[in-house]
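Architecture and fold: a report
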Amino acid sequence: MKIHPRAVSAYYASINWGKEVVFLDLKDESDLQKAQELALGADIVISNFNEKRALKYGLDYATLKRKSGNRLCFLDRIWEGRSEAGF
């Protein structure tokens, strides 16, 4: 896991004040596990993955809903071709 210390614009800094930016390589098993832990520990997950990739990484709505005990709010930004909306 890497925390990215790059210089950012004033706008970016103002809307992300107090947030931590984390870059994860989901092909790396430990980073993938961290991504899943972060998702399951969150109140809200916003996904930008296509359905196949989300399933591959275990970050899809059904998997996270099951593992979270049905307490997760899930927003999926990619709607095309989906059979189930994650709400």
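In short, a report on the structure. Not measured: the values here are computed from a predicted model. Just so you know, the residues in each chain are numbered from 1, in the order the chain's sequence is written. Local features in a predicted model are, by the rule used here, given only for residues with pLDDT of at least 70; side-chain atom pairs are given and counted only at 80 or more, and totals for whole chains, interfaces and linings are based on all residues. Excluding hydrogens and water, the side-chain figures rest on all heavy atoms present in the structure.

A few words on unusual backbone geometry. Most peptide bonds take the trans configuration, and most residues that are not glycine carry a negative phi. Residue Asn70 is not a glycine yet carries a positive backbone phi of 70°. When you line up the elements, Asn70 lands in the loop between α4 (61-67) and β4 (73-76). The exposure class assigned to Asn70 is exposed, which follows from its relative accessible area of 54%. Every helix listed is a DSSP run of H or I at least four residues long, and every strand listed is a run of E at least two residues long, numbered separately from the N terminus. Three exposure classes are used, based on accessible area relative to the maximum for each residue type with a 1.4 Å probe and protein chains only: buried under 20%, partly exposed in between, and exposed over 50%.

As a further point, take the layout of surface pockets. For the largest pocket, the calculated volume is near 800 Å³. Val22, Leu24, Leu38, Val45 and Ile46 are, among the 21 residues lining the largest pocket, the residues nearest its centre. Every element with two or more residues in the lining of the largest pocket is listed here: β2 (22-23), α2 (29-41) and β3 (44-47). Looking at the lining of the largest pocket, the element that brings in the most residues is β3, giving four residues. Looking at the lining of the largest pocket, its residues break down into 16 nonpolar, three polar and two charged. Cavity means a closed set of points on a 1 Å grid over the protein atoms alone, one where a 1.4 Å probe fits but cannot get out, pocket means an open set with protein on both sides within 12 Å along at least 5 of 7 lines, and lining means a residue has an atom within 4 Å of a point. Grid points are joined across faces, edges and corners, and a volume is the space filled by probe spheres set on the points. Under this grouping Gly is polar, as are all residues other than the nonpolar Ala, Val, Leu, Ile, Met, Phe, Trp, Tyr, Cys and Pro and the charged Asp, Glu, Lys and Arg.

Turn by turn, an α-helix covers 3.6 residues, leaving residues three or four places apart pointing in a common direction. A helix is expected to span 1.5 Å for every residue after the first. In this model, α2 (13 residues) spans 18 Å end to end at C-alpha, consistent with the 18 Å of a helix rising 1.5 Å per residue. Of the residues making up α2, those classed as buried are Asp31, Leu32, Ala35, Gln36 and Ala39. One side of α2 holds all its buried residues, which, seen down the axis, span an arc of 140°. Turned more than 90 degrees away from the buried face of α2, the exposed residues are Glu29 and Gly41. The directions from the helix axis to the C-beta atoms form the arc being described.

What counts as a ring pair is set by centres within 6.5 Å for rings of Phe, Tyr and Trp (its six-membered ring), and what kind of pair is set by the plane angle: stacked under 30 degrees, edge-to-face over 60, tilted for all other angles. This model, assessed by the stated rule, comprises two aromatic pairs. Each ring, one from Phe49 and one from Tyr57, has its centre 6.2 Å from the other, and the planes form 50°; the classification is tilted. Accessibility expressed as a relative area gives 24% for Phe49, which makes it partly exposed. Measuring from ring centre to ring centre gives 5.5 Å for Tyr61 and Phe74, while their planes differ by 55°; the resulting arrangement is tilted. Highlighted residues: Tyr61 in helix α4 and Phe74 in strand β4, separated in sequence by 13 residues. With a relative accessible area of 12%, Tyr61 lands in the buried category. By relative accessible area, which is 2% here, Phe74 ends up buried.

Before going further, it helps to examine the side chain of Asp60. Along the polypeptide, Asp60 turns up in the loop between α3 (51-57) and α4. The charge count treats Lys and Arg as positive and Asp and Glu as negative. His and the chain ends do not count. Basic side-chain nitrogens of Lys or Arg form a salt bridge, by our definition, when they fall within 4 Å of a carboxyl oxygen of Asp or Glu. One buried charged residue, Asp60, forms no salt bridge at all, with the nearest opposite charge on Arg66 at 6.3 Å. Of note is the side chain of Asp60, whose polar atom sits 2.7 Å from the side chain of Thr63. Note on definitions: a residue-residue contact is assigned when non-hydrogen atoms from the two residues lie within 4.5 Å. Sequence-distant contacts of Asp60, defined by excluding residues within four places in its chain, comprise Ala54, Leu55 and Phe74. For the purposes of these results, a polar contact is taken to be a pair of N or O atoms within 3.5 Å, where, inside protein, one atom must be able to donate a hydrogen and its partner to accept one; residues adjacent in sequence count only when each atom of the pair is a side-chain atom.

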